[in-house]
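Descriptive analysis of the structure
Each chain is listed here by its residues.
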Amino acid sequence: MVTPAEIEAGQSIYSLRTLRWYDWFVLGLSNSVFWRCSTTDLRRLYDCNVTGRHLDVGVGTGYFLDHARWPVAEPAITLLDLNADCLTFAARRLERYTPQTIIANVVEPLPPIGPFSSVGLCYLLHCLPGNMAAKAIAFDLLRPLLSPNARVFGATIVQGDAPRSRAAQAVMDLYNRRGIFSNADDTIDALDLALRQRFDEVNIELKGAVAVFEGRFVGTDKRRISKSGSV
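Model, not experiment: these values are computed from the prediction.

1. A look at the overall build of the chain
- In terms of helices and strands, the chain carries nine helices and seven strands.
- Expressed as a percentage of the 231 residues in the chain, the buried residues total 51%.
- For the chain, the exposed surface amounts to about 10,700 Å²; the carbon and sulfur share of it is 53%.

Given below as C-alpha cells:
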C-alpha cells in the first residue's frame, strides 16, 4: 500500500530553488555520468512524438518542451504535476505557449481534460512509489484522456538487467533510501508488460540505465508489440 509520505517524498525535493540546478545536474551530469543516456536522445524522443495537443506529466523544468520541435506554431500544451513549484517553473519557461497547468497525482482519478494526441512521461515513473504494476495505474487513468492514435512516450530509470556502474548503483540506492526514487524493482521487462497490456505498437530501447519507450493508443482491443533496438 502506497502511503501519502511515499508520494510526497518522490516529488518534494523539487523546489523552485533546486529546479534552477535540475537541467545541469540531472540532464547534464547524471545523464552523462550515471545513467549513460544522452539528453540529446531524449530530446529526439520528444521531437518525434509531440503533437499540436500535448499533455506532459511530471514536467520537471519544462526543458524538453522548451526545446521540442513542435509540428505546429501554437501547440496546445497542458502541464500536469503534483508539485506546484514544477508547474510554476515550467509554465514560466513555456510562457510563449500559454500552457494550462493542473495539480494532480497521476495515479489518482484525473480531471476530465483532453483529448490529447500526445502524452509525455519523462523521468516520472522511477519517482512514483510502488512496483511497476502500481505505477501502471497512471496509464489506465491517462487512456480516457487520449484521442485515437495518440502517442504515449517517455523514459524511466530501471534496474534489473540494465547496465550500470558501481557509482550509478550507489546513487540509485541512495535515492531509493531517501524516497526520491522508487525503482528498486523496476525492470524493462515489467515496463514492457505494462505498456503491452494497454497500448499498441510499443517500442522500448534501453539506453544505459534508462528505458526509453513509445506506444500508440489506437482505441481498439488489438494489441501489438515489438521490442526493438530503436525508438
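2. Looking at the confidence of the model for the chain
- Mean pLDDT over the chain: 91, with 90% of residues reaching 70 or higher.
- Counting contacts from residues 221-231, a segment whose pLDDT is below 50, to residues more than four positions away or on other chains yields 32 contacts.

3. Remarks on the environment of Leu124
- Examined against the element boundaries, Leu124 turns out to sit in the loop between β4 (116-122) and α6 (132-135).
- Judged by relative accessible area, which is 11%, Leu124 ranks as buried.
- Setting aside its immediate chain neighbours within four residues, Leu124 contacts Val57, Gly58, Val106 and Ala155.

4. Section: the packing of aromatic side chains
- Under the defined criterion, the tally for this structure stands at twelve aromatic pairs.
- Between Tyr14 and Tyr22, the ring centres sit 5.8 Å apart and the planes meet at 70°, which makes this aromatic pair edge-to-face.
- Tyr14 gets classed as buried once you look at its relative accessible area, which sits at 19%.
- Ring plane angle 40° and centroid distance 5.9 Å describe the contact between Trp35 and Phe181, whose orientation is recorded as tilted. Placement of the pair is Trp35 in helix α2 (residues 16-35) and Phe181 in the loop between α8 (166-178) and α9 (188-196), with a sequence separation of 146 residues.
- On the basis of relative accessible area, Phe181 is assigned to the buried category, the value being 4%.
- In textbook terms, an aromatic cluster arises when at least three aromatic residues are bridged by ring pairs, as seen for Phe34, Trp35, Tyr175 and Phe181.

5. Points about the pattern of salt bridges
- Taken as a whole, this structure holds ten salt bridges when the rule is applied.
- A salt bridge links Asp47 to Arg69, with the shortest nitrogen-to-oxygen separation between them at 3.9 Å. Of the two residues, Asp47 sits in helix α3 (residues 39-49) while Arg69 sits in the loop between α4 (63-67) and β2 (76-81), which places them 22 residues apart along the sequence.
- Here Asp47 falls in the partly exposed class, since its relative accessible area comes to 26%.

6. A few points about the environment of Gly114
- With respect to the secondary-structure elements, Gly114 resides in the loop between β3 (100-103) and β4.
- As a C-alpha pair, Gly114 and Ser147 span 33 residues in sequence and 8.0 Å in three-dimensional space.
- Dropping the residues within four chain positions of it, Gly114 is found in contact with Arg53 and Leu145.

7. Thoughts on the side chain of Thr156
- Tracing the backbone through its elements, the reader meets Thr156 in strand β5 (residues 146-157).
- Overall, Thr156 belongs to the buried group, its relative accessible area being 0%.
- Among the polar contacts made by the side chain of Thr156, one reaches the main-chain amide nitrogen of His126 at a distance of 3.1 Å.
- Discounting residues that sit within four places of it in the chain, Thr156 has contacts with Tyr123, Leu125, His126, Leu191, Ala209, Val210 and Ala211.

8. Here's the deal with the pairing of strand β1 (residues 53-57)
- Judged by how many residues are buried, β1 sits mostly within the fold: four of five residues are covered.
- Relative to β4, β1 runs parallel, the two sharing three bridges. Bridging from a neighbouring strand, Leu55 pairs with Val119 of β4.

Calculation notes
- Residues numbered from 1 in each chain as written.
- Predicted model: local features only at pLDDT ≥ 70, side-chain atom pairs only at ≥ 80, totals over all residues.
- Heavy atoms only, no water.
- Helix = DSSP H or I, 4+ residues; strand = E, 2+ residues; numbered from the N terminus.
- Buried < 20%, exposed > 50% of the residue type's maximum accessible area, 1.4 Å probe, protein only.
- Areas by Shrake-Rupley, 256 points an atom, 1.4 Å probe, with all protein chains shown as cover.
- pLDDT = per-residue confidence, 0-100.
- Contact = heavy atoms within 4.5 Å.
- Phe/Tyr/Trp six-rings, centres within 6.5 Å; stacked < 30°, edge-to-face > 60°.
- Salt bridge = Lys/Arg side-chain N within 4 Å of Asp/Glu carboxyl O.
- Polar contact = N/O pair within 3.5 Å; in protein donor to acceptor, adjacent residues only side chain to side chain.
- Pairing = 2+ DSSP bridges.

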